[in-house]
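Read off the chains here:
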Amino acid sequence: MRHDSMMKRRGFLKAASRGVGTLALGTVALSSTSKGLADSGKAPNPFAVELDHLRKVDPKLVLYETANLFPGRQTEPRRFCAAANGLLYVAGGKAVRILDLSGSEVRSIPCPDSVRAVAVAPDGLIYAAMSDHVEVFDAEGKPVSTWTSPGEKAWFSGLAAGKDDVYAADAGNRVVWRYDRKGQVRNRIGVKDAARGVPGLVVPSPYLQVALGRDGLLRVNNSGRHQIEVYTPEGDLEFHWGKAGGSIEGFCGCCNPIGFALLPDGRHLTCEKGVPRVKIYSAQGEFEGVVATPDLFPENSRPGQPRRSDGMLGGLDATVDAAGVIYVMDLVTGEIRSMKLKAPAPGTTAPQFKKEKA
Amino acid sequence: MSTGASSGGPVNRRHFLRQGARTAALAGGGVLLGLLVGRTSARGTVWQIDPQKCVRCGNCATSCVLKQSAVKCVHAFSMCGYCQLCTGYFEPAPNDLNTGAENCQCPTAAIRRTYVEDPYYEYTIDERLCIGCAKCVEGCNQFGNGSLFLQIRHDRCLNCNECAIAKVCAGDAFRRVPVNQPYLLKAISH
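A brief report on the enclosed structure follows. (Residues numbered from 1 in each chain as written. Chains lettered and ligands numbered in written order. Predicted model: local features only at pLDDT ≥ 70, side-chain atom pairs only at ≥ 80, totals over all residues.)

1. Some words on the overall build of chain A
Within chain A, the secondary structure is distributed over 3 helices and 24 strands. In chain A, of all internal contacts separated by at least 6 residues, the share reaching a separation of at least 24 is 48%. (Helix = DSSP H or I, 4+ residues; strand = E, 2+ residues; numbered from the N terminus. Contact = placed C-beta atoms within 7 Å.)

Here is the structure:
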């Protein structure tokens, strides 16, 4: 009996230790399962929008590389331009920041409202677009005048200044206003007019841009039609180019290009959002190559990033200085990078561009 | 005594049972009232998604305790560009701009595309079909103005104490909002 009793106790202890072991294993298993469930937010998204195929660029098409990268020193950057005096003017926040070409701040011009675009006339006057009107400053940044707003609907998003005229791209009214240098409206460009063969500007998001070429013609991005349109200052549509599509030659998404600039020889730089990239086209719109690839702008192209509400705080902008150097600004990070032509690979020659009339 | 006791006994028991029933009814009513009050005014909040924090992780479609998620895509028309090539409706690089399934983002065909005038189209959500997967929301945010976004629809939501989607939300976008302002709508700032 005693022997049996001892065996029973031993058996009991064995069974108990087995039970405790099983319980511990079960607890570990359960906690890891719970952790797995809790971590399920990190599981691959079965509904992800696949954009990788659009973000990949054939390296042979990439003609430029980054020469220098510096902060734009601007909160909420919008547009920027390189002036003939060798300075960069960055619009954003409630100021125009003036930088030298290495990124050092030279001056800052405080403005009464958020600055949406900036342009510098050949005589040095600085034009800064607020959301609904233009402020004028002299070359030192002293206020000169405030122009009348074209109305509540105005949403300026681009500026160009010539010798006699200033052009303000108004995304809200889907029009480019042509002002004289005193701020009087001379005419409107881009208004739908079947008789003149003008299809009308389609501006789904507030990224309307305007540039004045050395040929005296205006370039305007009709992003809803995925085109660049070329107008006379009087508003006659000369020609247009560009097509929608995911291929590298086309403009992707709903509404691109969101920005562009002209090289001294008349070629176009185009900036896209969604798949942030900068490309170069001939003056007639033939695709020539890629200046900046989406991988240079990881924050700009990160899927699932929260978006601020006014729709114009993403994407890229570009400008070209008098020497033809290209600058690209990331509107998410505010960084500016200057670009230089890549050295040709051994055994190849540098890309040859067709000479265009300036 | 015995009569009194015998006559008083049943009366007391009846009385006791009556009182007990009344007490139980009152207690039950109190609990019910407490629950109702808890779901509305006392706690006074319901779950909602902050569209500025939403990262379109897809968990709204798969983690709700309901068979079809209470999260739906909603559309802020004031922010919409009425694009011909809407990247909420179409794949980013569609073969063609038609309703072919291979060209469309929505896995349940819950978005209706209606011609307005050249080149504008209006996009509306059929909430009976929407599963809250946010595919259209991501497409709209990547390329467009972000006018499509997710919201919990309170005609369906059970307002669980511990929301199953909130537990796994990758953007930490779920929060409780006052019951008298149950939606967090997007609007364009000029």
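2. Observations concerning the interface of chain A and chain B
With 33 residues of chain A at the contact, the number on the chain B side is 36 residues. Within the side of chain A that touches chain B, the residues separate by chemical class into 15 nonpolar, 13 polar and 5 charged. (Nonpolar A, V, L, I, M, F, W, Y, C, P; charged D, E, K, R; others polar.)

3. Some words on the environment of Asn161 of chain B
When you line up the elements, Asn161 of chain B lands in the loop between β5 (148-152) and α4 (164-168). Spatially, the C-alpha atoms of Asn161 of chain B and Trp47 of chain B are 9.2 Å apart, while their sequence positions differ by 114 residues.

4. Concerning helix α3 (residues 135-143) of chain B
Residues and elements named next belong to chain B. Burial runs high along α3: 9 of the 9 residues are buried. All buried positions along α3 are accounted for by Lys135, Cys136, Val137, Glu138, Gly139, Cys140, Asn141, Gln142 and Phe143. Turning to α3, the residues buried within the fold contact β2 (71-75), β3 (111-117) and β5. (Buried ≥ 20, exposed ≤ 12 C-beta atoms within 10 Å, placed from the backbone.)

5. Some points on the sheet that holds strand β1 (residues 64-71) of chain A
Residues and elements named next belong to chain A. Reading across from one edge, β1-β24-β23-β22 is the order of the 4 strands in this open sheet, with antiparallel pairing throughout. Two strands bound the open sheet, and with one partner strand each, they are β1 and β22 (316-320). For this sheet, the mean angle separating the axes of adjacent strands, direction not counted, is 25°. One ladder, built from 5 bridges, connects β22 with strand β23 (residues 326-330); its direction is antiparallel. Looking at β23, one finds that Thr319 is bridged to Tyr327. (Pairing = 2+ DSSP bridges. Axes fitted to C-alpha atoms, helices over the stretch in contact; angles between N-to-C directions.)

6. Observations concerning the sheet that holds strand β8 (residues 134-137) of chain A
Residues and elements named next belong to chain A. In spatial order, the strands read β6-β7-β8-β9; together these 4 strands make up an open sheet with antiparallel pairing. The open sheet terminates on both sides in strands that have one partner only, identified here as β6 (117-120) and β9 (143-146). For this sheet, the mean inter-axis angle between neighbouring strands, taken without regard to orientation, is 20°. Across 3 bridges, β8 lies against β9 in antiparallel orientation. Bridge assignment links Glu135 to a residue of β9, and that residue is Thr146.

7. Some points on the pairing of strand β18 (residues 259-262) of chain A
Residues and elements named next belong to chain A. Of the two faces of β18, the one carrying Gly259 and Ala261 and the one carrying Phe260 and Leu262 are both buried. In this structure, β18 lies alongside strand β19 (residues 268-272), joined through 4 bridges in antiparallel fashion. Its bridge partner being in β19, Leu262 is matched across the sheet by His268. Remark: 5 residues form the turn of the hairpin made by β18 and β19, two consecutive strands paired antiparallel; Gly266 in that turn has positive phi of roughly 95°.

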